[in-house]
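The primary structure of each chain is shown beneath.
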Amino acid sequence: MKQTIIKISFLVSAIVMLGSCSKKIDDAFLNPNATTRVPVETLLPGIIGNMVGSSSAQGSSYGTAYDGLYIGRYVNFWATNSTNYQYDRLSGATGASDLFGSVWAMHYYGMGQNLGRMIDWAAEEEKWDYVGVGHAIRAWSWYTLTTSYGEAILKQAFDPNRLVFDYDSQEEMFAEVRRQCHLALVNLNRTDGAVSQTNLALGDQYFNGGDVNKWKKFVYAVLARSFHLTNKANYTTDMADSVIAYTALAITNNADNAVAKFANSGISGTSNFYGQLRNNAGLLRQTRFIADLMSGAGSMFAGVFDPRAPYIIRENTNGTYKGVRLVKGTDGLSTNDQPRNFWGGIFSSTSTAAADGRYIFQNGAPYPIITAAEVAFMRAEAFWYKGDKASALTAYTSGINLSFDMLTGTPEYQNVIPSALQMTPAAKADYLASSTIVPTANNLTLSHIMLQKYISQYGFGMQITWVDLRRYHYTDLDPVTGNQVYADFTLPTGSDLYPNNNGKWPYRCRPRYNSEFLYNIAALDLVGGRQLDYHTKEQWFSQP
């Protein structure tokens, strides 16, 4: 990996990096390759911005959202409004493409040295809250990185004296996630020195508002994720207990959701990646899988309409909810049955002109990173594996309630829904009263839990949904029903799959081309990274 060192403030606005060749120029423009001390308060906004998508002179869109455009196809959130698109065929990155490399760039470059400097400088200034936040973000970033790529650079990462770097195992990186979490908690619990909620809020304006308790809950959610390894032999005897313990301390109500917010000042760097201004979602159309899941046309929740549908997917001209299949384009749907785009335009249109964005598909809409609903469903799954069906049902029902309430309780999501389509308390109560949706404790299945979690994560939770799907190898069977855990879930097979896949589905992203494939090839070859089907190699976290 080519190490790019940023020593100046990494803000949402562009950075102009200037060299120096004389004392006069040095005085006018500080050398970016020398240590330039800046206030830690000015570093944090750009670091947080990277969680969704950064904006920098050295590259833009580093973060989860850009990779999410393509991972969203892997998890069947959406497909392209045309046929035979390469990434609808589950291709990984090919040739010199940097696709699927945004999380890599986020971790090693966008956050990278900036995050390390913020932690070091904050410690020198006894701003222990900033130190804790730094470790919290680093823990989240390590988890996001390794579950995307598998093996990556851990021990030698951020070493400015190296030009090439060795890869480390995923198991080691999961241990590092937990280590960073515990460092975060130690520092977030400190009240001495220069700790100040008001001062933390200066750098944390668009995430947790300087609320240390919210950051602690964020950390506990990351810890719970790190132990949620359901295929490991000791999951039911050990790890599930950790998941249950940490989810109890994590985000349990929507007021504490970890959500990225946007100034929405009319420029792309301050706008939601999926909004109209940035125009990144023009090709995306909801899939048949999510549409059937919510309309009641699927086998699992058959006959029950989900009142969240108008909030997160789009109705068609007929006022019904249909979707397409990957690779198949219009999929044989009549013109009036074809779903509108996420900004309200007709199926064939990639334009934002309709200006009817809903949910996360608006310029100023908040973008969730970790939600109380996710935590509740993680908890439900852990209880289910422990055999405590009653507690699993309680957590499961809570997850559905939290998902509903996040949508209706977020003005940017609620206020744009036509009044005739808005959820009412009666519609919510009817949905929850259905035994198809909320069964008795003894009849609760993994399919219930994972499909409701899937709905709650739709649109923004591509990475964690992909973790879940890979844990169940996409089509694993529910031990109770004998059917797929993800009932009705299908992905392309045969000639519809990209040839490089060799008949297999994706399990990892290829590391970023413009670092590993140019400067770190020897290390990349040791893990097989240049094999054309490397993206189909299963990761440690989903193996026994």
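Residues numbered from 1 in each chain as written. Predicted model: local features only at pLDDT ≥ 70, side-chain atom pairs only at ≥ 80, totals over all residues. Heavy atoms only, no water.

Topic: the overall build of the protein chain
Within the protein chain one finds 19 helices and six strands. Here the C-alpha atoms of the protein chain give a radius of gyration of 23 Å, agreeing with the 24 Å that 2.2 N^0.38 yields for 544 residues. Reported as C-alpha extents along the three principal axes, the dimensions of the protein chain are approximately 75 × 50 × 45 Å. When burial is assessed residue by residue, the protein chain has 60% of its 544 residues classed as buried. Considering only intrachain contacts with a sequence separation of at least 6, the fraction spanning at least 24 residues in the protein chain is 74%. Only carbon and sulfur atoms are counted for the fraction: they give 52% of the accessible area of the protein chain, which is about 19,300 Å². Each charge class in the protein chain can be summarised by its mean position, and for the 44 positive and 45 negative side chains these summaries are 3 Å apart. (Helix = DSSP H or I, 4+ residues; strand = E, 2+ residues; numbered from the N terminus. Rg over C-alpha atoms; globule rule 2.2 N^0.38 Å. Buried < 20%, exposed > 50% of the residue type's maximum accessible area, 1.4 Å probe, protein only. Contact = heavy atoms within 4.5 Å. Areas by Shrake-Rupley, 256 points an atom, 1.4 Å probe, with all protein chains shown as cover. Lys, Arg positive; Asp, Glu negative; His and termini not counted. Charge placed at Lys NZ, Arg CZ, Asp CG, Glu CD.)

Structural notes on the pattern of salt bridges
Taken as a whole and judged by the stated rule, the model has 27 salt bridges. One salt bridge in this structure joins R37 and E124, with 2.9 Å as the shortest N-O distance. Placement of R37 in the loop between α1 (23-28) and α2 (40-49) and of E124 in helix α4 (residues 102-124) is noted, with a sequence separation of 87 residues between them. We note a salt bridge from R190 to D192, for which the minimum N-O separation is 2.7 Å. By relative accessible area, which is 30% here, R190 ends up partly exposed. For D192, a relative accessible area of 35% translates into the label partly exposed. (Salt bridge = Lys/Arg side-chain N within 4 Å of Asp/Glu carboxyl O.)

Focus on the side chain of T80
Along the chain, T80 turns up in strand β3 (residues 78-80). For T80, the contacting residues outside a window of four places in its chain are R73, Y85, D88, L283 and G329.

A look at unusual backbone geometry
Keep in mind that most residues, glycine aside, have a negative phi and that most peptide bonds are trans. Here the phi dihedral of N279 falls at roughly 55°; this positive angle occurs in a residue that is not glycine. Looking at where N279 falls in the secondary structure, it is placed in the loop between β4 (258-260) and β5 (284-286). Taking the relative accessible area as the measure of exposure, N279 reaches 41% and is therefore partly exposed. For D331, which is not glycine, the phi dihedral falls at a positive 60°. Along the chain, D331 falls in the loop between α11 (309-312) and β6 (367-370). On the accessibility criterion, D331 (13% relative accessible area) is buried.

A short note on the packing of aromatic side chains
With the rule as written, the count across this model stands at 49 aromatic pairs. Here the aromatic rings of Y74 and F100 are separated by 5.5 Å at their centres, their planes lie at 15°, and the arrangement is stacked. Residue Y74 is located in helix α3 (residues 64-74), and its partner F100 is located in the loop between β3 and α4; the two are separated by 26 residues in the primary sequence. By the burial criterion, Y74 is buried, and F100 matches it. Here the aromatic rings of Y108 and W142 are separated by 6.4 Å at their centres, their planes lie at 85°, and the arrangement is edge-to-face. Within this pair, whereas Y108 is found in helix α4, its partner W142 is found in helix α5 (residues 128-149), the two being separated by 34 residues in sequence. Residue Y108 shares its accessibility class with W142, and that shared class is buried. R190 extends its terminal NZ or CZ atom over the ring of W128, reaching a point 3.8 Å from the ring centre. Its guanidinium or amino end placed over the ring of W466, R470 lies 3.6 Å from that ring's centre, counting from NZ or CZ. (Phe/Tyr/Trp six-rings, centres within 6.5 Å; stacked < 30°, edge-to-face > 60°. Lys NZ or Arg CZ within 6 Å of the ring centre and 35° of its normal.)

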